[in-house]
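Topology and contacts: notes
So you can see what is in the structure, the chains are spelled out below.
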Amino acid sequence: MAPILMVNLAIIVYLIMACCFFNEWLVFFLADEEMDSEQRLFSIVILVIATILWPIVVPFAYLELLKFHKKHKDVIDLFIKQRKVGSHDD
């Protein structure tokens, strides 16, 4: 009984996360108005594949984000510092 419950729970979590990722990624694709119809079709295919394979795609995307942060750390720190200095309490 417990193994079946765990498998069902894993499937439910997988499907919920896939739905969440699909919704977020779809917003990004729809916001890009510069795509032509061929690029939009290709993007939808990639969106579906990425949604199905999100357990693989998300860690690689996170690694790319970390790489970007390391490359631009000085600029990011400057923005954070400016935001703290420029903020005020209401």
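It should be noted that the structure appears before, not after, this text.
Just so we're clear, the structure is a prediction, and the values are computed from it rather than from any experiment. (Residues numbered from 1 in each chain as written. Predicted model: local features only at pLDDT ≥ 70, side-chain atom pairs only at ≥ 80, totals over all residues. Heavy atoms only, no water.)

**Details of the packing of helix α2 (residues 37-52) against helix α3 (residues 54-71)**
Convention followed: For every element, the axis is a line fit to its C-alpha atoms; helices are fit only across the contacting stretch, and the angle between N-to-C directions ranges from 0 to 180 degrees. What counts as a helix is a DSSP run of H or I of at least four residues, what counts as a strand is a run of E of at least two, and both are numbered from the N terminus. Working rule for angles: under 35 degrees goes down as roughly parallel, over 145 as roughly antiparallel, 65 to 115 as roughly perpendicular, anything else as oblique. It only takes one pair of heavy atoms within 4.5 Å for two residues to be counted as in contact.
Interhelical geometry of α2 versus α3 gives an angle of 100 degrees and a closest axis separation of 5 Å. In terms of their interaxial angle, α2 and α3 are classed as roughly perpendicular. In this structure, α2 uses Ala50, Thr51 and Ile52 to contact α3, whose residues at the interface are Trp54, Pro55 and Val57.

**Overview of the packing of aromatic side chains**
Cut-off, in case you're wondering: Here a Phe, Tyr or Trp ring, Trp counted by its six-membered ring, pairs with any other such ring whose centre lies within 6.5 Å, and the pair is stacked when the planes are under 30 degrees apart, edge-to-face when over 60, and tilted otherwise. Buried means the residue's accessible area, taken with a 1.4 Å probe over protein chains only, is under 20% of the maximum for its type, while exposed means over 50%, and partly exposed covers the values in between.
What the rule picks out here adds up to 3 aromatic pairs. Look at tyrosine 14 and tryptophan 54: their rings are 5.8 Å apart centre to centre, the planes differ by 25 degrees, and that puts the pair in the stacked class. Residue tyrosine 14 is found in helix α1 (residues 2-31), and its partner tryptophan 54 is found in helix α3; the two are separated by 40 residues along the sequence. For tyrosine 14, a relative accessible area of 30% gives the class partly exposed. For tryptophan 54, a relative accessible area of 15% gives the class buried.

**Brief notes about the side chain of serine 43**
Assignment of secondary structure puts serine 43 in helix α2. In contact with serine 43, not counting residues within four places along its chain, are Phe29 and Met35.

**Notes on the packing of α1 against α2**
Our working rule: For any helix crossing, the convention is left-handed if the near helix is rotated counterclockwise from the far helix by under a right angle, and right-handed if that rotation is clockwise. Residues are grouped as follows: Ala, Val, Leu, Ile, Met, Phe, Trp, Tyr, Cys and Pro are nonpolar; Asp, Glu, Lys and Arg are charged; all remaining types, including Gly, are polar.
The geometry of α1 relative to α2 is characterised by a closest axis approach of 9 Å and an angle of 160 degrees between their N-to-C directions. One element, α1, and the other, α2, form an angle in the roughly antiparallel class. Two packed elements cross with a definite hand, and for α1 against α2 that hand is right-handed. For the pair α1 and α2, contact is made by Tyr14, Ala18, Phe22, Trp25, Leu26, Phe29 and Leu30 and by Arg40, Ser43, Leu47, Ala50, Thr51 and Ile52, respectively. Of the residues assigned to the contact of α1 with α2, the class counts are 10 nonpolar, 2 polar and 1 charged.

**What to know about the pattern of salt bridges**
Test applied: By salt bridge we mean one thing: a side-chain nitrogen of Lys or Arg within 4 Å of a carboxyl oxygen of Asp or Glu.
Per the counting criterion, the structure on display carries 2 salt bridges. Across the pair glutamate 64 and lysine 67 runs a salt bridge, and its minimum N-O distance is 3.3 Å. Separated by 3 residues within a single helix, glutamate 64 and lysine 67 lie in helix α3, roughly one turn from each other. What makes glutamate 64 partly exposed here is its relative accessible area of 47%. Classification of lysine 67 as exposed rests on a relative accessible area of 52%.

These values are about where atoms sit, not about what they do.
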